[in-house]
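A look at the structure
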Amino acid sequence: MNRALITGIMGQDGAYLAKLLLDKGYKVYGLLARRSTLSNWRLKYLGIENEIQLIEGDLTDLASLIRAIKTSKPMEIYNLGAQSFVATSWEQPILTAQTTGIGVLNLLEAIRLTDTSIKFYQASTSEMFGLIQEPIQSEKTPFHPRSPYGVAKLYGHWITINYRESFNMFTSCGILFNHESPLRGIEFVTRKVTDAVARIKIGKQKELRLGNIDAKRDWGFAGDYVEVMWLMLQQSKPDDYVVATGYTTTVREMCSIAFDHVGLDMDDHLVIDEKLYRPAEVEILLGNPSKAKEKLGWSSKTSLKNLITMMVDADLERVKKE
Ligand code: NAP
Ligand code: GDD
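Everything in this summary refers to the structure shown in the same document.

Cut-off values and rules
- Chains are numbered independently. Their residues run from 1 in the order of the written sequence.
- Chain letters and ligand numbers both follow the written order, the letters beginning at A and the numbers at 1.
- Residues qualify for local features only when their pLDDT is at least 70, as the model is predicted, and side-chain atom pairs are given and counted only at 80 or more; totals for whole chains, interfaces and linings, by contrast, use all residues.
- Only heavy atoms go into the side-chain values, all of them from the structure, while hydrogens and water stay out.
- Two strands qualify as a pair provided DSSP detects at least 2 bridges between them.
- Only runs of H or I of at least four residues qualify as helices and only runs of E of at least two qualify as strands under DSSP, and these elements are numbered from the N terminus.
- With axes taken as lines fitted to C-alpha atoms, and helix axes fitted only over the stretch in contact, angles between N-to-C directions fall between 0 and 180 degrees.
- What makes a salt bridge here is a side-chain nitrogen of Lys or Arg within 4 Å of a carboxyl oxygen of Asp or Glu, nothing more.
- Only protein chains enter the accessibility calculation, which uses a 1.4 Å probe. A residue is then buried if its area is under 20% of the maximum for its type, exposed if over 50%, and partly exposed in between.
- In the cavity and pocket records, a cavity denotes points on a 1 Å grid over the protein atoms alone where a 1.4 Å probe fits but cannot get out, a pocket denotes an open set with protein on both sides within 12 Å along at least 5 of 7 lines, and lining residues are residues with an atom within 4 Å of a point.
- Grid points are joined across faces, edges and corners, and a volume is the space filled by probe spheres set on the points.
- Under this grouping Gly is polar, as are all residues other than the nonpolar Ala, Val, Leu, Ile, Met, Phe, Trp, Tyr, Cys and Pro and the charged Asp, Glu, Lys and Arg.
- We define proximity as follows: a residue is near a molecule or strand when any one of its heavy atoms falls within 4 Å of that partner.
- Each polar contact in these results corresponds to two N or O atoms within 3.5 Å; when the atoms are within protein, one needs to be able to donate a hydrogen and the other to accept it, and residues that are neighboring in sequence are counted only if both atoms are side-chain atoms.
- Areas reported here follow the Shrake-Rupley algorithm with a probe of radius 1.4 Å; residue values treat only the protein chains shown as occluding.
- Side-chain atoms within 4.5 Å are what join buried Ala, Val, Leu, Ile, Met, Phe, Trp, Tyr and Cys residues into a set we call a nonpolar core.
- What marks off one domain from the next here is an automatic or database domain assignment.
- The contact rule is simple, with two residues in contact once any of their heavy atoms fall within 4.5 Å.
- Patch rule: a residue counts if its relative accessible area is over 30% and it has no salt bridge; like charges are joined within 9 Å, and nonpolar side chains (Val, Leu, Ile, Met, Phe, Trp, Tyr) within 5 Å.
- Charged residues are defined here as Lys and Arg on the positive side and Asp and Glu on the negative side; His and the ends of the chain fall outside this count.
- A single reference atom marks each charge: NZ on Lys, CZ on Arg, CG on Asp, CD on Glu.

1. Things to note about the sheet that holds strand S2 (residues 27-32)
Taken together, the 7 strands give an open sheet; going across it, the order is S3-S2-S1-S4-S5-S6-S11, and neighbouring strands pair in parallel fashion. In the strand order of this sheet, the two ends are held by strand S3 (53-56) and strand S11 (240-243), each with one partner. On average, each strand axis in the sheet is tilted by 20 degrees relative to the strand beside it, whichever way the strands run. One ladder, built from 4 bridges, connects strand S4 (residues 76-79) with strand S5 (residues 119-125); its direction is parallel. Looking at S5, one finds that Tyr78 is bridged to Tyr121.

2. A closer look at the pattern of salt bridges
Going through the model one piece at a time under the given rule, you end up with 16 salt bridges. The salt bridge involving Arg209 is made with Glu207; its shortest N-O contact spans 2.6 Å. Overall, Arg209 belongs to the partly exposed group, its relative accessible area being 35%. We classify Glu207 as partly exposed; its relative accessible area is 35%. Here Arg209 makes a salt bridge to Asp273, at a shortest N to O gap of 3.2 Å. Pair noted here: Arg209 is in strand S8 (residues 208-210) and Asp273 is in the loop between strand S13 (270-272) and helix H10 (290-296), with a separation of 64 residues, a long-range link.

3. Here we look at the layout of surface pockets
Counted as a void, the second largest pocket has a volume near 210 Å³. As for the second largest pocket, its lining consists of 16 residues, of which Thr245, Tyr247, Ser300, Thr302 and Ser303 are closest to the centre. For the lining of the second largest pocket, the per-class residue count stands at 6 nonpolar, 7 polar and 3 charged.

4. So, the site of ligand 1
In the neighbourhood of ligand 1, 24 residues make up the surrounding shell, with Asp13, Arg35, Asp58, Ser84 and Tyr149 lying closest. Taking Ser84, its side chain carries an N or O atom lying 2.6 Å from an oxygen atom of ligand 1. At 3.1 Å from a nitrogen atom of ligand 1 is found a side-chain nitrogen or oxygen belonging to Arg184. Here ligand 1, which alone exposes 890 Å², has 86% of that area covered by the protein. Broken down by secondary-structure element, the contributors of at least two residues to the shell around ligand 1 are helix H1 (12-23), S5 and helix H6 (148-167). The dominant element in the shell around ligand 1, judged by the number of residues it contributes, is S5, at 3 residues. For the shell around ligand 1, the class distribution of residues is 9 nonpolar, 10 polar and 5 charged.

5. With respect to the site of ligand 2
Taken together, 24 residues are adjacent to ligand 2, and Thr125, Ser126, Tyr149, Arg278 and Glu281 come closest. One of the backbone nitrogen or oxygen atoms of Ser84 is found 2.6 Å away from an oxygen atom of ligand 2. Between Tyr149 and ligand 2, the recorded distance is 2.6 Å, taken from a side-chain N or O atom to an oxygen atom. Look at ligand 2: alone it shows 720 Å² of surface, and the protein chains cover 95% of it. Broken down by secondary-structure element, the contributors of at least two residues to the shell around ligand 2 are helix H7 (189-202) and S8. Looking at the shell around ligand 2, its residues break down into 10 nonpolar, 6 polar and 8 charged.

6. Topic: the nonpolar core
Of all hydrophobic cores here, the largest spans 65 residues; its most connected members are Ile6, Leu17, Leu21, Val28, Tyr78 and Tyr121. Take this core: its biggest share by element is 9 residues, from helix H8 (residues 222-233). Lining this core are residues from two domains, each supplying at least three of them: domain 1 (3-179 + 220-243) and domain 2 (185-218 + 247-286 + 302-321). The contact partners of Tyr78, leaving out residues within four places of it in the chain, are Ala4, Leu5, Ile6, Thr7, Leu17, Leu21, Tyr121, Met229, Trp230, Leu233 and Gln234. Ranked by size, the runner-up nonpolar core spans 20 residues in total, among them Leu31, Ile55, Ile66 and Ile69.

7. Concerning the side chain of Ser124
Along the polypeptide, Ser124 turns up in strand S5. Judged by its relative accessible area of 4%, Ser124 falls in the buried class. Ignoring any residue separated from it by four or fewer positions in sequence, one finds Ser124 in contact with His157, Cys173, Gly174, Ile175 and Leu176.

8. Topic: a negative patch on the surface
A contiguous patch of negative charge, built from Asp260, Asp265, Asp267 and Asp268, is present on the exposed surface. Within the element layout of this structure, Asp268 appears in the loop between helix H9 (251-261) and S13. Given the relative accessible area of 58%, Asp268 is considered exposed.

What follows is the structure, encoded as structure tokens:
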């Protein structure tokens, strides 16, 4: 039986990836960072909370990672754990560096010290392109991160490549562009919007405060994107891939899809709040997923309209039950 260890299993991607691997017959282990309250709502949402073996550990604690590998004996490790909210990375830059950057090194060292035959997936990000150096970003586009999060991820990206080149380890990076779902954290802009739209529709909220609505993102569906993580580790050679839809849309337009879906006028509820602007912004992201399509046979299946309406519908259900 295939065995996989997922860090960040309680997050959006961790939950979808765990479901995918269970459906493929894997035994799935998850690294559980200790919190005062267990937040397994995503695993429950997907009906898999009892099918996963959780192992206590933290990306900042090398010994716990070694123990987790010795307990789970995985063939594949997916490193999805991170402080992943860009805005928080200016408030907690050191924690972000330790978790999102050095955490990757800790995990690679744990593999190096235990079993170098383990295949490793690193959750790299389009945030590394930051101040974009090319209008459409591919695996060859130079990086220019714009946040402490982006800088930490860039370290994680290069150290993953370095361990591949130095120790002949099977390590691959997925440079994923933004991906969303009903399981997205409420602090990210799509879910903030779809949750607010549901609340406004039901009469529990009046306004929605946003920052820079001119920013553009290449948004896909997380359920589609976890498939590519698995595909990357099934190849004969490790490599790095951009994962994107190839379309970009403003926050404003994404927001209007959500309001239109429930028959509300966005202009009656949207308030721009300059406090939500970031110290340095990533104005636009647009990925070229040709390599993933050509080499992995993968392409994004869900349009932004279908994604946002799916999220609004899920939030309407949730808010009604509250
Ligand atoms: P997410 O929902 O924020 O999940 C991240 C997970 O990491 C959470 O379960 C979190 O646990 C865990 N974590 C945080 N600190 C940790 C630590 N010190 N040790 C162990 N686990 C820790 O993020 P996501 O959207 O699923 O994204 C998954 C990964 O892909 C992240 O690395 C993210 O940076 C990257 N990525 C995401 C996107 C995107 O658009 N979603 C795009 C590109 C790359 P707690 O919740 O308990 O803190
Ligand atoms: N979160 C948030 N809240 N963003 C807002 C708001 C707001 O009220 N108003 C405008 N925005 C803008 C942000 O300034 C940014 O330009 C855009 O909406 C998207 O913000 P987020 O949804 O927070 O995502 P992100 O692009 O910063 O980061 C996400 O994608 C990265 C991949 O490019 C995260 O998932 C990262 O972990 C991931 O690496």
